[in-house]
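So the chains spell out like this:
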Amino acid sequence: MKWVGLIAVLFTGGLLLSAMDDFPKWGDAHSPANASPVSQYYIEKTIEDSGVPNMVTAVLADYRGYDTMFETVVVLIAGIAIMAILRVMNQIPGGARPSPRHEIGDHHDIIIGTTCRLLIPVLQLFALYVIAHGHHSPGGGFQGGVILGASFILTAIAQGLDPALERLPEKSYVKLAFAGVVIYSGFGVMCLLLGENFLDYGVLHVLLPGIDAAEARSHSMLGVEVGVAFTVSAIMFAIYANLASKGELEGGL
Amino acid sequence: MIWQFDIILLIFLVVTAVISLRVKDLLAASMVFGTYSFLICLLWAGMGAVDVAFTEATVGAGISAVILIATVYNTRRDSSD
């Protein structure tokens, strides 16, 4: 059986390697990805449409806003599914496999505690910068949200899961996660109410006096990135807290 | 992109991929997997895809390694295959 697997892997690998030859060269201006009218439009018109220098964020949050909205929903659903599966497995007798409890170190190590106390505020500040500056430099809601969630996970690792859950209890992180999706879709619904298409932010300039449609797009991108960051950070912490404690939310690593 | 640098990164990439598949200790495998993600992140950054590199660094090298380690601690540490 191993031989069959090896032959299949070698055959597929050889096929993929030979197909590599047909790929366009890296950075080729005539490759389909670069030469299609759609990418041409993004590259030439992003500054004109929204004044956002980072066109990756412009594509993610504006031109393809639907994609990002439902990606956020996918993250939310994944987190809820992990919570639900762990809880259900705990309730079925014999469902969760009994595992040897590993020796958990005490969480009062002064070096780790002090380092984390110094590190976590910097980490959270950097996360907010990444979220807020996502449409001007690399970054955005997903990355910033993950860093923000990682700062809470660092709290949980350094001080134990219980102090971390005191700061961000389950009720709060579930609410935060849903609030993110509500913020994102709220921007879409506002556009609908003002008589435009869903997530067509240009029309929102009537709500903020003194700015034009391009600026309204730029500010709305920031708004939806904040929504993405809410959901992602809350769900990242939720996944860690539930996995580390087998869904019981106490003890943990 | 400097091709010598690329070659070194790609060699390390294959080495870490093989190690994380072959090693019996799942905790070690998760950590090597984090290294693999970080090497991919460097490759993305070298190709100028900075946003993708940033996501790979935070999600791949950061969170997913932590989540894998949290899972390993609550299951078994040694792999059966």
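Parameters at a glance
- Residues numbered from 1 in each chain as written.
- Chains lettered and ligands numbered in written order.
- Predicted model: local features only at pLDDT ≥ 70, side-chain atom pairs only at ≥ 80, totals over all residues.
- Heavy atoms only, no water.
- Contact = heavy atoms within 4.5 Å.
- Buried area = accessible area lost by both parts, 1.4 Å probe.
- Salt bridge = Lys/Arg side-chain N within 4 Å of Asp/Glu carboxyl O.
- Polar contact = N/O pair within 3.5 Å; in protein donor to acceptor, adjacent residues only side chain to side chain.
- Nonpolar A, V, L, I, M, F, W, Y, C, P; charged D, E, K, R; others polar.
- Phe/Tyr/Trp six-rings, centres within 6.5 Å; stacked < 30°, edge-to-face > 60°.
- Helix = DSSP H or I, 4+ residues; strand = E, 2+ residues; numbered from the N terminus.
- Buried < 20%, exposed > 50% of the residue type's maximum accessible area, 1.4 Å probe, protein only.

Participant: Please clarify how the interface of chain A and chain B should be interpreted in this entry.
Facilitator: Accessible area lost when the parts come together is the quantity often used to give the size of an interface. In this complex, chain A contributes 25 residues to the contact, which on the side of chain B involves 18 residues. Interface of chain A and chain B: buried area, both sides summed, is about 1900 Å²; carbon and sulfur atoms make up 73% of it. Where chain A packs against chain B, one counts 0 salt bridges. Viewed at the interface, chain B and chain A are joined by 6 residue pairs in polar contact (both at pLDDT 80 or more). Among the residues making up the side of chain A that touches chain B, the classes are represented as 16 nonpolar, 7 polar and 2 charged.

Participant: Got a minute to help me understand the packing of aromatic side chains in this structure?
Facilitator: Here a ring pair, both rings aromatic, is described through the centre-centre distance and the interplanar angle of the planes. All names here are of chain A. A complete count under the given rule lists 7 aromatic pairs over all chains for this structure. Where tyrosine 42 meets tyrosine 63, the ring centres are 4.7 Å apart and the plane angle is 25°; that geometry is what we call stacked. Taken together, the residues tyrosine 42 in helix 3 (residues 37–50) and tyrosine 63 in helix 4 (residues 55–63) connect sequence positions 21 residues apart. Looking at tyrosine 42, the relative accessible area reads 15%, which means it is buried. The partly exposed category is assigned to tyrosine 63, whose relative accessible area is 24%. Members of the aromatic cluster, connected to one another through ring pairs, are Tyr41, Tyr42 and Tyr63.

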